[in-house]
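# Observations on chain architecture
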Amino acid sequence: MADTPQEIHSVLTEARVFPPPEAFARRAHIRGMQDYQRLWDEAAKAPEKYWGDRAREELYWKEPFQTVLDWKPPHARWFVEGRTNLAYNCLDRHLPALKDKPAILFEGEPGDRRRITYGELSAEVNRMANGLKSLGVRKGDRVGIYLPMVPEAAVAMLACARIGAVHSVVFGGFSAEALQERMNDAGARVLLTADGGWRKGAVVPLLKNVTAALANTPSLEKVVVLKRTADVAIPSGSKWVAWDALVQGQSDVCEPEWVESEHPLFILYTSGSTGKPKGVLHTTAGYALGASLTTRWVFDLREDDVYWCTADVGWVTGHSYVVYGPLMNGVSTVMYEGAPTHPGPDRFWELIARYKATILYTAPTAIRAFMRLGEEHPRKHDLSSLRLLGSVGEPINPEAWMWYRDVIGGGRCPVVDTWWQTETGSIMISPLPGATPTKPGSATFPLPGIHAEILDRAGKPVPRGQGGLLFITKPWPSMLRSVYGDPERYVRTYFSELPGRYFTGDGARTDQDGYFWLMGRVDDVVNVAGHRLGTAEVESALVAHAKVSESAVVGRPDDLKGTALVAFVTLKAGIRPSPELKKELAAHVSKEIGAIARPDEIRFAEGLPKTRSGKIMRRLLRDVAAGKQATGDTTTLEDLNVLAALSQNDE
Ligand code: PRX
């Protein structure tokens, strides 16, 4: 059960304000709050004209659209009659001018490097697109992608987009079980993967996981394997295809499939408040517009930028801000395969110095980890190429924001704290670095055309300074269109809190100046190290273990990860709690979902606090996990003794 707005207390008071540096503002795309306000007003007054104009400027259209928006709440169709192709927008249209410009600057964890120009990337994409066609992949077919952070991940995505296939990228850190569940839900026909990837000096056993997943993925006809770590051989059998063999000999010309605007582009699974991940469905033109426009405005892109977003392609940030956004804008994007601190704590800073990166976009959890490692590591490297810093994934605490600005940005780079979600497709609330005076820890204001409102459960705006629920009250082009295979869940999850208005699941407040401050999730979803996890997913993994009878998983504030996972577990009759069993359960969750979901703490309990109707009172467990006295209303609690026992149980 989500907290009610009255329970969302805001504790932050932050008074520092940093106006955009003058020299930065002078050259920026949007040069001051007046410009921002003008765009905002224009978009608010005539949204269809505003978005229609942007779509015509931003994208190449094979056939123009006539209708900007067809909105039958909660279903939107954007740029209805138009036809376009996202791979064409990322590659072909740049080719005359940018053929020899680096599109991707790649560095593998072991130190291998590749510089791939727009011309080369385009040829690679076309060969893979033809390769996919030769396997029988057609427009609308789903293709799974389970790859490390190597250029081939971008090639795979773009090749799908080129032929109108729908990609579903699964993060390489997910387990065989998680991969299997996603491939089956999407009904993927082909999976593009690798033997392994490098992480912290070790091989991530992708092929091993794929082989295990294949035991129960009836829809998968072919698995294409890229050689990356060369530690295992590709199995023999008609299902298996070597990547190199597939693309070799294919033509580097492939006519793009001119798809209708609303043709599905990708499915990306994300956690919700139930145990089953949701396949967030994005379509072509609206998503493309959102990714392209926000990359240019929020990062204030210039032609000569070397842009580095550290996200993995397995997350939406990797989709919009490693691959599609930067490539649509024709900049050079850095792609790094491995861990931020391998082989040493200064790997990121070494990369910035080597590639002369001008923009860095990363997550608060990484920033906090770097803070802990000490200033001496970034100080060893020349970071003077940087001109802008971005943050995404969770609220950034003002201390980390200041450290980022001062130590990494040398006090001269604006910091953009960008709020958005897998479902929103692109950045929604963020400073525009040449316009917005920033406050450490605030995502500042919604972008033009984005109607973000903080409301109570009855739909009434909450006064400034008071916490409430964050809604987006008007449709926007890059919004999700559905939950794949479960349209009813789309309506229930996002549009049932207040019909017709999109519920983000986040709490927020505005301050006296109207700045937005995000306050974290209000549903049973937690944000661990920048990744969204449904506590119900972890619970159902635990309950699937033979020795577990019941479990409740909650978040506890954690300096480094933002939130740590605490699992309360009751065991089946006759099973004795032991430290070994805790390890066994933690390993079990890793196997079921992946290491990101491994509980930080497991507590055995005789019973869990429940309401009289049998609902677990997670609110009380959150207090217990945080070492606080359980507060608030316990009148519906069935057995007070359970709570007393839990508070004592801190072995
Ligand atoms: O709670 C918000 C948090 O991350 C959630 C979205 O997670 P996901 O779909 O995995 O996408 C992550 C990358 C966009 C949001 O509901 N979140 C994301 N960015 C911020 C944030 N919370 C506060 N400030 C942010 N800048």
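Above: the structure in question.
Rules used in this analysis
Residues numbered from 1 in each chain as written. Predicted model: local features only at pLDDT ≥ 70, side-chain atom pairs only at ≥ 80, totals over all residues. Heavy atoms only, no water. 1 Å grid on protein atoms, 1.4 Å probe; cavity = no way out; pocket = protein on both sides within 12 Å on 5 of 7 lines; lining within 4 Å. Points joined across faces, edges and corners; volume = space filled by probe spheres on them. Helix = DSSP H or I, 4+ residues; strand = E, 2+ residues; numbered from the N terminus. Phe/Tyr/Trp six-rings, centres within 6.5 Å; stacked < 30°, edge-to-face > 60°. Buried < 20%, exposed > 50% of the residue type's maximum accessible area, 1.4 Å probe, protein only. Lys NZ or Arg CZ within 6 Å of the ring centre and 35° of its normal. Pairing = 2+ DSSP bridges. Axes fitted to C-alpha atoms, helices over the stretch in contact; angles between N-to-C directions. Contact = heavy atoms within 4.5 Å.

### Quick word on empty space enclosed by the protein
Overall, the coordinates contain 4 cavities of 30 Å³ or more when judged by the stated rule. As a volume, the largest cavity reaches approximately 120 Å³. Lining the largest cavity are 16 residues; nearest its centre among them are W51, L293, T294, I427 and I450. Of all the elements in the fold, those that place two or more residues in the lining of the largest cavity are α3 (47–58) and α11 (284–298). For the lining of the largest cavity, the leading source of residues is α11, giving 6 residues.

### Overview of the packing of aromatic side chains
Scanning the entire structure with this criterion turns up 35 aromatic pairs. Ring centres of Y60 and W258 lie 5.8 Å apart, and the angle between their planes is 50°; on these two criteria the pair is classed as tilted. Residue Y60 is located in the loop between α3 and β1 (69–72), and its partner W258 is located in the loop between α10 (243–247) and β13 (259–260); the two are separated by 198 residues in the primary sequence. A relative accessible area of 29% places Y60 in the partly exposed class. Residue class for W258 comes out buried when judged on its relative accessible area of 15%. Taken together, the ring pairs in this structure connect Y50, W51, W61, F65, W78 and F79 into an aromatic cluster. One Lys or Arg, R54, reaches over the ring of Y50 and ends 4.8 Å from the middle of that ring. The ring of F174 carries R182 above its face, with NZ or CZ at 4.4 Å from the centroid.

### Considering the sheet that holds strand β17 (residues 332–336)
Spatially, β5-β4-β17-β16-β18-β19-β20 is the arrangement adopted by the 7 strands of the open sheet, whose pairing is mixed. Every other strand in the sheet has two partners, leaving β5 (113–117) and β20 (415–418) as the edge strands with one partner each. Within this sheet the neighbouring strands show an average axis-to-axis angle of 20°, counted without direction. Relative to β20, strand β19 (residues 388–392) runs parallel, the two being bridged by 4 bridges. Note on β20: the bridge partner recorded for G390 is V416. Helix α16 (residues 398–408) rests against β18 (359–362), β19 and β20 of the sheet, and its axis sits at about 155° to β19.

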